[in-house]
Amino acid sequence: MFAAGDLVIYGGEGVCRVESVGTPETEGIDKTKAYYTLSPLYRTGQVMTPVDTGVLMRPVMTPAEADAFLTALPELPAEEPAGASQRAIKDHYHAVVTSYDCGRMAAMIKYTCQRRRTAQQRGRKVSQLDERYLRRAEDQLYGELAVALGIRDVSLAALIAGYASPTSVSSFPMAQQMGGNGDLAGGQVVFTTVFSILTVFLWVFVLKSLGYLA
């Protein structure tokens, strides 16, 4: 049984905080049962569910579990559907995202990304089905990892500043002095500086929309 303040994964909502446990005064509620009042972390509103609910509900992974998961991630094989039909692929994707199993979602993300690359290499249109379930799996997986690792607000903003920043201007004279390709280094500085104007603000907008930044 969970207690107030616990962070849990609740089916259909993702990461939630348990606000209270008890019998609410709300009309129409079975007063013989205890209920969890949950607040989803990535949207507004609250959810009430019986303590003995049949909906999937589990603790958020611990920081140690998140570190172990990320360490093992490169060796994780892609998980393919049992069949090649659109129906089989959709059923497989749906089963994975509704399981909230981090390992399976990561394996599905690998598989859909492989399919995307193959389609692009062959000049084909990327499957909308793949893209829809890929976004859903990424939101659920990254949302839980962010909470487990404590990456929110200031920490996340610092990561954006570090990884979305353009190539350092000093790389151009350094490349020239060390006998490297100065033209290539200069081109990277110009290219990344121009595009960072768009990408930095795009990342901030997306993460604020998902609730990762306040």
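In this report, the structure presented in the accompanying data block is examined. (Residues numbered from 1 in each chain as written. Predicted model: local features only at pLDDT ≥ 70, side-chain atom pairs only at ≥ 80, totals over all residues. Heavy atoms only, no water.)

## Observations concerning the pattern of salt bridges
- Applying the stated criterion across every chain yields a total of 6 salt bridges.
- Across the pair E144 and R58 runs a salt bridge, and its minimum N-O distance is 2.8 Å. Placement of E144 in helix α4 (residues 128-148) and of R58 in strand β5 (residues 57-59) is noted, with a sequence separation of 86 residues between them.
- Between E79 and R104 there is a salt bridge, and its shortest N-O distance comes to 2.7 Å. You can see E79 sitting in the loop between α1 (63-72) and α2 (86-99) and its partner R104 sitting in helix α3 (residues 102-121), a full 25 residues away along the chain.
- Overall, the relative accessible area of 28% leaves R104 in the partly exposed class. (Salt bridge = Lys/Arg side-chain N within 4 Å of Asp/Glu carboxyl O. Helix = DSSP H or I, 4+ residues; strand = E, 2+ residues; numbered from the N terminus. Buried < 20%, exposed > 50% of the residue type's maximum accessible area, 1.4 Å probe, protein only.)

## Things to note about the side chain of D130
- Inspection of the secondary structure puts D130 in helix α4.
- You can call D130 buried: its relative accessible area is 3%.
- A distance of 2.9 Å separates polar atoms of two side chains, one belonging to D130 and the other to Y93.
- The contact partners of D130, leaving out residues within four places of it in the chain, are I89, Y93, T112 and R115. (Polar contact = N/O pair within 3.5 Å; in protein donor to acceptor, adjacent residues only side chain to side chain. Contact = heavy atoms within 4.5 Å.)

## Points about the packing of aromatic side chains
- Going through the model one piece at a time under the given rule, you end up with 2 aromatic pairs.
- On the basis of an interplanar angle of 45 degrees and a centroid distance of 5.7 Å, the ring pair of Y93 and Y133 is categorised as tilted. On the criterion of sequence distance, the pair formed by Y93 in helix α2 and Y133 in helix α4 is long-range, its members being 40 residues apart. Taken as a pair, Y93 and Y133 share a single burial class, namely buried. (Phe/Tyr/Trp six-rings, centres within 6.5 Å; stacked < 30°, edge-to-face > 60°.)

## Side note on the packing of α1 against α4
- Direction vectors running N to C along α1 and α4 enclose 130 degrees, while the axes themselves pass 8 Å from each other. Here α1 is positioned oblique relative to α4, judged by the angle of their axes. The hand of the α1/α4 crossing is left-handed. Only L141, L145 and A148 of α4 make contact with α1, whose side of the interface consists of P63, A66, F69 and L70.
- Of the residues contributing to the contact of α1 with α4, the split by class is 7 nonpolar, no polar and no charged. (Axes fitted to C-alpha atoms, helices over the stretch in contact; angles between N-to-C directions. Parallel < 35°, antiparallel > 145°, perpendicular 65-115°, else oblique. Left-handed = near helix turned anticlockwise from the far one by under 90°. Nonpolar A, V, L, I, M, F, W, Y, C, P; charged D, E, K, R; others polar.)

## Examining the pairing of strand β4 (residues 47-50)
- Side-chain alternation along β4 places V47 and T49 on a buried face and M48 and P50 on a face that remains uncovered.
- Pairing analysis gives 4 bridges linking strand β3 (residues 35-40) to β4, with the strands arranged antiparallel. Paired with Y36 across the strands is T49, a residue of β4.
- Linking β3 back to β4 in an antiparallel pair, the connection comprises 6 residues, with G45 at a positive phi of about 100 degrees. (Pairing = 2+ DSSP bridges.)

## Some points on the packing of α3 against α4
- Close contact between α3 and α4 brings their axes to 9 Å; oriented N to C, the two are set at 145 degrees. Seen from above, α3 lies across α4 with left-handed handedness. Here C102, M105, A106, M108, I109, T112, C113, R115 and R116 of α3 lie close against α4, whose contacting residues are D130, E131, Y133, L134, A137, E138, Q140, L141, Y142 and E144.
- The residue inventory of the contact of α3 with α4, partitioned by class, reads 11 nonpolar, 2 polar and 6 charged.

## A short note on the nonpolar core
- Judged by nonpolar contacts, the single largest core of 27 residues is most densely connected at Y93, M108 and L141.
- Secondary structure elements with two or more residues in this core: α1, α2, α3 and α4.
- Counting residues per element, this core draws most heavily on α4, which supplies 8 residues.
- Ignoring any residue separated from it by four or fewer positions in sequence, one finds L141 in contact with F69, C102, M105, A106 and I109.
- F2, V8, L38 and V47 belong to the second-largest nonpolar core, a separate cluster that totals 9 residues. (Core = buried A, V, L, I, M, F, W, Y, C linked by side-chain atoms within 4.5 Å.)

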